[in-house]
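Reading the structure
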Amino acid sequence: MVADLHRQLDEIGVELRLGTALAAEPASAPGTAGEFTAVTADGAELTADIWFGAYGSRIHTDYLDGAVPRNELGQVKVTERLTVQGHETVYALGDITDVAETKMAAMAMRHAEVVAANILAHSKGTEPEAVYAPIPVKVILLPLGPAAGVGQFPNELGAAFQVPLETVVQMKGAGMMLGHFRELFNV
Ligand SMILES: Cc1cc2nc3c(=O)[nH]c(=O)nc-3n(C[C@H](O)[C@H](O)[C@H](O)COP(=O)(O)OP(=O)(O)OC[C@H]3O[C@@H](n4cnc5c(N)ncnc54)[C@H](O)[C@@H]3O)c2cc1C
């Protein structure tokens, strides 16, 4: 998949410079069109039309009090039912949980299915039994525009396999899932 991605980037003229960084932020604001030339940490010049800061993200859970157990990363400790540890009817989902997996919207949506099923069970007076199991491999759909890109899903044995380009296009590239969310939120 990585080799395919490199090939596709190469075909559209994207030059990857890995393992380096800009020595200083460009004069133009991030995410704002405007040609600039910057110098990278290894001393090379780089001219481009736009730049984005992509330094990773971190969660903000300081507002939670001591009743919510958190790990050293600030992640909320949850059970396999996605209840907050030590609580029977308080749930946590999404990026703030300590579930060992890549933090992605796709996973947050899977969490939501479990939490919704358990809350429904509570409301009906039945036992909340839905549990969450992380997907054992990294899952990604990475479109390069509406008609290219790569993606990886698990197969029925739980091993990673590269999905066909049509899957990347149909599931994400063509509409960035807007249709799915329009339907979900009934808008
Ligand atoms: C650049 C980028 C690209 C990404 N691309 C993808 C992708 O292609 N596919 C994918 O699956 N995932 C992607 N992700 C990850 C995805 O965005 C997150 O996993 C997802 O948004 C997590 O959802 P969440 O509801 O847990 O948290 P969030 O979406 O972060 O929502 C948390 C909300 O809580 C609010 N909040 C925080 N503190 C407080 C407070 N004290 N009081 C009230 N509100 C508060 C925040 O403002 C925010 O609106 C991407 C993330 C980034 C940064």
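Not measured: the values here are computed from a predicted model.

Some points on helix α1 (residues 2–11)
- Here α1 lies mainly on the outside; zero of its ten residues are buried.
- Where α1 ends, the next residue or the one after it, G13, has phi of about 80 degrees, a positive value.

As for the site of the ligand
- Taken together, S57, H60, Y63, G94, D95, K103, M104, A105, A106 and A108 make up all the residues around the ligand.
- Counted by class, the shell around the ligand contains five nonpolar, three polar and two charged residues.

Focus on the domain arrangement of the chain
- The domains assigned to the chain are domain 1 (15–48), domain 2 (59–134) and domain 3 (140–184).
- For domain 2 versus domain 3, the distance between C-alpha centres works out to 26 Å.

Re the nonpolar core
- One finds V76, V78, L82, V84, Y91, A92, L93, I96, V99, V114, V115 and Y132 forming the largest nonpolar core, which totals twelve residues.
- Excluding its chain neighbours within four sequence positions, the residues that come into contact with A92 are V76, V78, L82, V84 and T97.

Quick notes on the environment of R182
- Tracing the backbone shows R182 in helix α4 (residues 178–184).
- Residue classification places R182 among the exposed positions, given that 11 C-beta atoms sit within 10 Å.
- With 41 residues separating them along the chain, R182 and L141 place their C-alpha atoms 19 Å apart.

Observations concerning the environment of I140
- Along the chain, I140 falls in strand β3 (residues 140–143).
- C-beta crowding within 10 Å serves as the criterion here: with 18 such atoms nearby, I140 is assigned to the partly exposed category.
- Measuring from C-alpha to C-alpha, the distance between I140 and Q170 comes to 14 Å, with 30 residues separating the pair along the chain.
- Contacts of I140, omitting those with residues within four sequence positions, involve G151 and Q152.

Topic: the pairing of strand β1 (residues 36–39)
- The pairing of β1 with strand β2 (residues 45–48) spans four bridges and is antiparallel. Following the sheet pairing, V39 is matched in β2 by E45.
- Joining the antiparallel neighbours β1 and β2 is a turn of five residues, in which G43 adopts a positive phi near 90 degrees.

Some words on the sheet that holds strand β4 (residues 149–154)
- A sheet is described by the order of its strands in space; here three strands give the open sequence β3-β4-β5, paired in antiparallel fashion. Across the chains shown, the open sheet's two edge strands, defined by having one partner strand only, are β3 and β5 (160–162). Taken over all neighbouring pairs, the strand axes of this sheet differ in orientation by 20 degrees on average, direction set aside.
- The sheet contacts of helix α3 (residues 165–173) involve β3 and β4, and relative to β3 the element is tilted by about 90 degrees.

Details of unusual backbone geometry
- Here the phi dihedral of L82 falls at roughly 70 degrees; this positive angle occurs in a residue that is not glycine.
- If you trace the backbone, L82 turns up in the loop between β2 and α2 (105–124).
- Positive phi, normally seen in glycine, also occurs at M177, with a value near 65 degrees.
- You can see M177 is positioned in the loop between α3 and α4.

The rules behind the values
- Residues numbered from 1 in each chain as written.
- Predicted model: local features only at pLDDT ≥ 70, side-chain atom pairs only at ≥ 80, totals over all residues.
- Buried ≥ 20, exposed ≤ 12 C-beta atoms within 10 Å, placed from the backbone.
- Helix = DSSP H or I, 4+ residues; strand = E, 2+ residues; numbered from the N terminus.
- Near = placed C-beta within 6 Å.
- Nonpolar A, V, L, I, M, F, W, Y, C, P; charged D, E, K, R; others polar.
- Domains from an automatic or database assignment.
- Core = buried A, V, L, I, M, F, W, Y, C linked by C-beta atoms within 7 Å.
- Contact = placed C-beta atoms within 7 Å.
- Pairing = 2+ DSSP bridges.
- Axes fitted to C-alpha atoms, helices over the stretch in contact; angles between N-to-C directions.

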